[in-house]
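Read off the chains here:
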Amino acid sequence: MAHRQRKPADSDPARDRADKTCASCGRRIEWRMKWADNWESVKYCSTACRAHGVTATDLKLEEAIATLLSARATDATICPSEAAKVVGGDGWNDLMEPARRAARRMVARGDLQITQGGAVVDPSTAKGPIRLRRVRT
């Protein structure tokens, strides 16, 4: 029985695609074969993110993060909960995940970095408590 020849690894279609981040949650979008024909128009990583989009509250959280960081020393960090408290008041707990989403979008734009234990981490895979800081060179 004849065996099929494998294609060389350097002809991998996923490798030829530019990295993208979701416009809603800021996580890295993994290329899928079903998007081969319209990869350039893909903006969201999932149906849930497409339905959620970016709301006015999300934009307020981004603004709050930027304002809090600008009011601190250049090497200071903040917790996403601080931005959630500024925007949400007493109901800030409900804004924790939206605050993390806002931070991931800002990382994708190059506006800030997400750290854990003082080290910069990938926002798409970070689990647990995070801190936000300005980009350091």
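Preceding block: the structure.
Quick look at the structure, then. Each residue is numbered by its place in its chain's sequence as written, counting from 1. It should be noted that, the model being predicted, local features are given only for residues of pLDDT at least 70 and side-chain atom pairs only at 80 or more, the latter also being counted only at that level, while totals for whole chains, interfaces and linings use all residues. Side-chain measures here rest on the full set of heavy atoms in the structure, leaving out hydrogens and waters.

This brings us to the pairing of strand 6 (residues 131-134). At least two DSSP bridges between two strands are required for those strands to pair. Helix numbers and strand numbers start at the N terminus; a helix is a DSSP run of H or I with at least 4 residues, a strand a run of E with at least 2. With two bridges connecting them, strand 3 (residues 77-78) and strand 6 associate as antiparallel partners. Looking at strand 6, one finds that isoleucine 78 is bridged to leucine 132. Here four bridges tie strand 4 (residues 112-116) to strand 6, and the two strands are oriented antiparallel to one another. In the sheet register, glutamine 113 faces strand 6, and the bridge partner there is arginine 133.

Let us now look at the nonpolar core. The criterion is simple. A nonpolar core is a set of buried Ala, Val, Leu, Ile, Met, Phe, Trp, Tyr and Cys residues joined through side-chain atoms within 4.5 Å. For each residue, the accessible area found with a 1.4 Å probe, counting protein chains only, is set against the maximum for its type, and the residue is called buried under 20%, exposed over 50%, and partly exposed in between. Counting 18 residues, the largest nonpolar core has Ile65, Ile78, Ala83, Leu112, Ile114 and Leu132 as the members making the most contacts within it. Elements that contribute at least two residues to this core include exactly helix 2 (56-70), helix 3 (80-88), helix 4 (96-109) and strand 4. Considering each element in turn, this core owes the most residues, five residues, to helix 2. Core analysis: the next-biggest nonpolar cluster, separate from the first, contains ten residues, Cys25, Trp31, Tyr44 and Cys49 among them.

A few words now on the side chain of serine 24. The topology assignment puts serine 24 in the loop between strand 1 (20-21) and strand 2 (28-29). The definition of a polar contact used here is a pair of N or O atoms within 3.5 Å, where within protein one atom must be able to donate a hydrogen and the other to accept one, and adjacent residues in sequence count solely through side-chain atom pairs. Of note is the side chain of serine 24, whose polar atom sits 2.3 Å from the side chain of arginine 101. The residues touching serine 24, leaving out its near neighbours within four places in the chain, are Tyr44, Cys49, His52, Gly53, Val54, Arg101 and Arg105. It only takes one pair of heavy atoms within 4.5 Å for two residues to be counted as in contact.

What makes a salt bridge here is a side-chain nitrogen of Lys or Arg within 4 Å of a carboxyl oxygen of Asp or Glu, nothing more. Inspection of every chain in the model, using the stated rule, returns seven salt bridges. Close ionic contact of aspartate 111 with arginine 109 constitutes a salt bridge, the shortest N to O distance being 3.1 Å. Take arginine 109: its relative accessible area is 47%, and that puts it in the partly exposed class. What you see here is one network of salt bridges that share partners, running through Glu62, Arg105, Arg109 and Asp111.

The buried fraction of strand 4 amounts to four of the five residues, a majority that puts the element mostly inside the structure. As paired strands, strand 4 and strand 5 (residues 119-120) are joined by two bridges and run antiparallel to one another. Note that in strand 5 the partner of glutamine 116 across the bridge is alanine 119.

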